[in-house]
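Residue-level listing of the chains:
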Amino acid sequence: MSTSSGTGSVNHRTGTHRTSLRAQSSASSTSAPQKPSLKSKTALRKSSPAALGVGSSSPAGSKSGNGGDAGVLGRVRVAVRLRPRSGEEMIADADFADCVELQPEVKRLKLRKNNWDTDTFEFDEVLTEYASQKRVYEVVAKPVVEGVLDGYNGTIMAYGQTGTGKTYTLGQLGEEDVADRGIMVRAMEDILAQVSLETDSISVSYLQLYMETVQDLLDPANDNIAIVEDPKSGDVSLPGATLVEIRDQLSFLELLQLGEAHRFAANTKLNTESSRSHAILMVHVRRSLKTSESNGNSHMTKSLKPPLVRKGKLVVVDLAGSERISKSGSEGHTLEEAKSINLSLSALGKCINALAENSSHVPFRDSKLTRLLRDSFGGTARTSLVITIGPSPRHRGETTSTIMFGQRAMKVENMVKLKEEFDYKSLSKRLEVQLDSLIEENERQQKAFVDEIERITVEAHNQISEAEKRYANALEEEKLRYQNDYVESIKKLEENWSKNQKKLAAERLALGEKNGLDITSNGNRSIAPALEEVSELKRMVQKEAQLKMAAEEEVNRLKLQLTEFKRVEVSGNTEIMRLHKMLETETQQKEKLEEEIATLHTQLLQLSLSADETRQNLERHGSQKASGALDSFNSQLKLPQLQDPGNAEKPPVAKLFEQVGLQKILSLLEADDADVRIHAVKVVANLAAEEANQQQIVEAGGLTSLLMLLRSTEDETIHRVAAGAIANLAMNETNQELIMDQGGIDLLSSTAANAQDPQTLRMVAGAIANLCGNDKLQTKLRSEGGIAALLGMVRCGHPDVLAQVARGIANFAKCESRASTQGTKRGKSLLIEDGALSWIVQNAKTETTAIKRHIELALCHLAQHEGNAKEMVKEGAMWELVRISRECSREDIRSLAHRTLTSSPTFLTELRRLRVDIR
């Protein structure tokens, strides 16, 4: 869908097929500012344009502590945007004035009924054809986005005639000019800037409502998603839709490109790329709030308080344009699409009328579109509507209808409610971590305590033994020394006494012989010295006796010290006994703590079961539908608690993955029951769709099991789902090499040769197409029949299969072009050698957008290698390059084709010979 302004054209839809999603952490957490409120629901806004979309209530009512039970009244905000004249309108309507006149300064629009009569309408914002994308975002979408960050639901919708710039306003990616970024891209930029990826989460679903069926733009095979309504609250959910977690802006842009590539579009008289479906982008924002704790609370009380989370949902709706069949020239299948679009828009208009008139009955169930938008009109969401109109007087009737739709929408009032709840699962996980930490810390302290007691005991025993040994040795030495001294003293005394006695006897004998009578007198004189010596000996004996007594006293003192040491030993034994008693007390405390931990585990389990039971009662319809699809699988696992697909936080397959385990799921791939195998391979395929699970699946042998299923079974349903799972795994470069090493290309080629179902062929072609994007596998892929298998699948003729074949050829050609530029590729393209060029040329003018885009890219990449130029001239591919450089709707592909033609000597020579000017 495109419009033009002046001499330059603006492409309203861009997008290429995504090959991989890589998440990177790149945002910091900031707080969303408080938004102003509106005092009146009918008065025209005179304040800042940024207030568009805010409820008519005081700011005090915007925060609700009971999870959003109390609502805030606010009406739908409507802005009108005028598209500039297109090139065709400048020529056809050159003599006529625009049918509308804008007065943005007073927020009014005048609709010319004729040359002299006009009708005046007032809107919340009037945007001229010169309004920038940034201004449109700030006045239409930014207040709604800020509300979503605060925990409210919000809706941004574009309504208008086909070709008036709805998709440009909402979904422009801004790849060529960042100023052209639409509301979807700018909204995600603001959301990523405000959240903290460590504690918050952002997940996205991208859907289209085509011919009254809800289809997944991120998974085209999921083409009939059921709408589930809560019977009590009336909330609408889509449990079958793919939910992708967003970590950075790049992954979101790739996701939008993937969705746009799968969206239905057609060429009509009013628009060269008219949307044939309503596109719906759902952004789920989950933010954790920090709650304050009082100082008097115990640690256990704080731990048991669950964290508070706010859940906001942003819904961006790009409605397909209303059209009159007589003007659009729709016919055949395009006519049926137009009828379906007009019927759904008519049902939406009836609901708006009923709400504007406060009717007791609002026919929401007349269309799936109105069921999906039930929360946006008359519900709990903040809704901002931008109506797009054109200036051409030829479409005055459609412009009038669009303006009246906006006027009626301004009368619709919503009861905006805060979505706030307690996160019991996060509390359970946190308490389990704390319990494990406490148990580990208790075990470490117990071990340290026991080791300390053993060390003290050993040290006390060693000290007592050393003291006993030391004092025993000292006592023995002192005893021996005193005994030796005593013996020596006695010997000396005896020797001295013997000598004195002999000397005295000799003297007496000599004196008696000399003079017999004088013996007595002289003897008396000689006895006196002897007596003195005897006295001296007595003194010495007494001294020895004293020394002996001193030695005995020393022995007694040592005995006293030994007794004291024994008393110390007894005291040490008493201390050891006391420590043993302390150890027993600590053991008893540990047992009590373990009992408390077990009790706490039981309480947590009861809390989780109670929360699951409450959620199942609230979402009974969603669980009934999903439980029927997995009856056989659940009966084998005996896990009835898994039947909760209505859980908005995590899809059922992810819960199955966590609670059952990957090994159990993979083991069911080898079950004897065919139904069990089919259900198991579907679960593995859904898990493989998420990049976070792919490595675990491969490491657990999931890839080998999937390839074995292709080899061992003949069930085409298993072939289709297994090929889809392999295609998801093949988006990773490491997995691509593993697939090739395990003979995956041979199995995929064999499956394609035997398959008849177009969906099976599409899955196989998608897997081979992903392998074609790996530079390292080019030669091996071709030698094992990968290119031949791709070309063989064109026999099916189904557009989805042909689109995957064209994508694979484009990926292969791109890798060859890169290798040629790097100088590692010589000679003619392997694609040309396998005969792919003739098929490319034959289908270059196809009407299917997805096939056409990939074929154009493949031709451009092949032409960049001079070795292919002669063959391309011979097959007529040069003329297709000339046509692409002139007529392609995408500026980047036109530029690439023109640059390729002008840089090739072979092409330039041939063009000069034929006198073709490509300037």
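Residues numbered from 1 in each chain as written. Predicted model: local features only at pLDDT ≥ 70, side-chain atom pairs only at ≥ 80, totals over all residues. Heavy atoms only, no water.

## Digging into the overall build of the protein chain
Consideration 1: A count of helices and strands for the protein chain gives 33 helices and 21 strands.
Consideration 2: Scored against the burial criterion, the 919 residues of the protein chain give a buried share of 47%.
Consideration 3: Put simply, of all contacts in the protein chain between residues at least 6 apart along the chain, 72% involve residues at least 24 apart.
Consideration 4: Here the protein chain displays about 45,400 Å² of accessible surface, and carbon together with sulfur accounts for 51% of that area. (Helix = DSSP H or I, 4+ residues; strand = E, 2+ residues; numbered from the N terminus. Buried < 20%, exposed > 50% of the residue type's maximum accessible area, 1.4 Å probe, protein only. Contact = heavy atoms within 4.5 Å. Areas by Shrake-Rupley, 256 points an atom, 1.4 Å probe, with all protein chains shown as cover.)

## A short note on the confidence of the model for the protein chain
It should be kept in mind that the predicted coordinates are not to be read in detail where pLDDT is low.
Consideration 1: When pLDDT is averaged along the protein chain, the result is 78; 79% of the residues meet or exceed 70.
Consideration 2: For residues 1-68, every residue scores under 50 in pLDDT, and the model assigns this stretch 195 contacts once sequence neighbours within four places are set aside.
Consideration 3: For the stretch residues 293-298, pLDDT sits under 50, and the model shows four contacts to residues farther than four places along the chain or on other chains. (pLDDT = per-residue confidence, 0-100.)

## Describing the side chain of Arg 75
Consideration 1: Note on placement: Arg 75 falls in strand β3 (residues 71-75).
Consideration 2: Only 2.6 Å separates the side chain of Arg 75 from the side chain of Asp 124, close enough to count as a polar contact. (Polar contact = N/O pair within 3.5 Å; in protein donor to acceptor, adjacent residues only side chain to side chain.)

## Observations concerning the nonpolar core
Consideration 1: Ile 768, Met 793, Ile 809, Leu 859, Met 872 and Leu 881 are the most contacted members of the largest nonpolar core, which has 94 residues in total.
Consideration 2: The contacts of Leu 881, once residues within four sequence positions are left out, are Leu 859, Cys 860, Ala 863, Met 872, Ala 897, Leu 901 and Phe 907.
Consideration 3: Grouped together as the second largest cluster of nonpolar side chains are 49 residues, Phe 123, Leu 348, Ala 354 and Ala 409 included. (Core = buried A, V, L, I, M, F, W, Y, C linked by side-chain atoms within 4.5 Å.)

## A few points about the packing of helix α32 (residues 891-903) against helix α33 (residues 905-913)
Consideration 1: Contact geometry of α32 with α33 gives a least axis separation of 5 Å together with a crossing angle of 85°. Of the possible angle classes, the one that applies to α32 and α33 is roughly perpendicular. Packed against α32, whose contacting residues are Thr 900, Leu 901, Thr 902 and Ser 903, the element α33 presents Pro 905, Phe 907 and Leu 908 at the interface.
Consideration 2: Grouping the amino acids of the contact of α32 with α33 by side-chain chemistry returns four nonpolar, three polar and no charged. (Axes fitted to C-alpha atoms, helices over the stretch in contact; angles between N-to-C directions. Parallel < 35°, antiparallel > 145°, perpendicular 65-115°, else oblique. Nonpolar A, V, L, I, M, F, W, Y, C, P; charged D, E, K, R; others polar.)

## Comments concerning a negative patch on the surface
Consideration 1: On the surface, a cluster of negative charge is made up of Glu 432, Asp 436, Glu 440, Glu 443, Glu 591, Glu 594 and Glu 595.
Consideration 2: For the negative patch, the secondary structure elements donating two or more residues are α11 (424-514) and α12 (519-618).
Consideration 3: By residue number, the principal contributor to the negative patch is α11, which donates four residues.
Consideration 4: Relative to the elements of secondary structure, Glu 594 occurs in helix α12.
Consideration 5: Accessibility expressed as a relative area gives 43% for Glu 594, which makes it partly exposed. (Patch = residues over 30% accessible without salt bridge, like charges linked within 9 Å, V, L, I, M, F, W, Y side chains within 5 Å. Salt bridge = Lys/Arg side-chain N within 4 Å of Asp/Glu carboxyl O. Lys, Arg positive; Asp, Glu negative; His and termini not counted. Charge placed at Lys NZ, Arg CZ, Asp CG, Glu CD.)

## Side note on the packing of helix α31 (residues 877-887) against α33
Consideration 1: For the pair α31 and α33, interaxial distance at closest approach is 12 Å and the crossing angle is 85°. Between α31 and α33, the angle falls in the class roughly perpendicular. Where α31 abuts α33, its residues Met 878, Leu 881 and Val 882 lie against Phe 907, Glu 910 and Leu 911.
Consideration 2: Looking at side-chain class alone, the contact of α31 with α33 contains five nonpolar, no polar and one charged residues.

## Describing the environment of Ala 671
Consideration 1: Among the structural elements, Ala 671 can be located in the loop between α16 (662-667) and α17 (674-688).
Consideration 2: What Ala 671 contacts, discounting residues up to four positions off in sequence, is Val 676 and Arg 677.

## Focus on unusual backbone geometry
With glycine set apart, most residues show a phi of negative sign, and most peptide bonds adopt trans.
Consideration 1: Notably, Glu 212 is not glycine yet its phi reads approximately 65°, a positive angle.
Consideration 2: The residue Asn 358 is not glycine, and still its phi comes out positive at about 55°.
Consideration 3: With respect to the helices and strands, the residue Asn 358 is situated in the loop between α8 (333-356) and α9 (368-372).
Consideration 4: Using a relative accessible area of 69% as the deciding quantity, one classes Asn 358 as exposed.

## Re the packing of aromatic side chains
Consideration 1: The tally for this structure, following the rule as stated, stands at three aromatic pairs.
Consideration 2: Taken together, a centroid distance of 3.8 Å and an interplanar angle of 10° make the contact between Tyr 159 and Phe 405 stacked. A residue pair is termed long-range when its members are at least 10 positions apart, and Tyr 159 in strand β9 (residues 154-160) and Phe 405 in helix α10 (residues 396-409) qualify at 246 residues.
Consideration 3: The class for Tyr 159 is buried, based on a relative accessible area of 8%.
Consideration 4: Relative to Phe 565, the ring of Tyr 471 lies with its centre 4.3 Å away and its plane at 40°, an arrangement referred to as tilted. (Phe/Tyr/Trp six-rings, centres within 6.5 Å; stacked < 30°, edge-to-face > 60°.)

## Thoughts on helix α5 (residues 249-262)
Note: α-helices contain 3.6 residues per turn, so residues at a spacing of three or four share the same orientation.
Consideration 1: Taking 1.5 Å of rise per residue, the 14 residues of α5 would be expected to cover 20 Å, and the 20 Å separating its terminal C-alpha atoms lies within 8% of that figure.
Consideration 2: The buried fraction of α5 amounts to 11 of the 14 residues, a majority that puts the element mostly inside the structure.
Consideration 3: Among the residues of α5, Gln 249, Ser 251, Phe 252, Glu 254, Leu 255, Leu 256, Gln 257, Leu 258, Gly 259, Glu 260 and Ala 261 are the ones counted as buried.
Consideration 4: In this structure, the buried residues of α5 make contact with α4 (183-194), β10 (201-210), β14 (244-245), β17 (278-289) and α29 (849-863). (Expected span 1.5 Å × (residues − 1).)

## Notes on the pattern of salt bridges
Consideration 1: Taken as a whole and judged by the stated rule, the model has 37 salt bridges.
Consideration 2: Close ionic contact of Arg 181 with Glu 189 constitutes a salt bridge, the shortest N to O distance being 2.5 Å.
Consideration 3: A residue is classified by how much of its surface remains accessible, and Glu 189, at 28% relative accessible area, is partly exposed.
Consideration 4: Among the ionic pairs, Glu 229 bridges to Arg 365, the shortest N-O distance being 3.2 Å. With Glu 229 in strand β12 (residues 228-229) and Arg 365 in the loop between α8 and α9, the pair connects residues that are 136 residues apart, well separated along the chain.
Consideration 5: When its relative accessible area of 56% is taken as the criterion, Arg 365 is described as exposed.
Consideration 6: Each of Glu 229, Arg 365, Arg 371 and Arg 374 takes part in one network of salt bridges that share partners.

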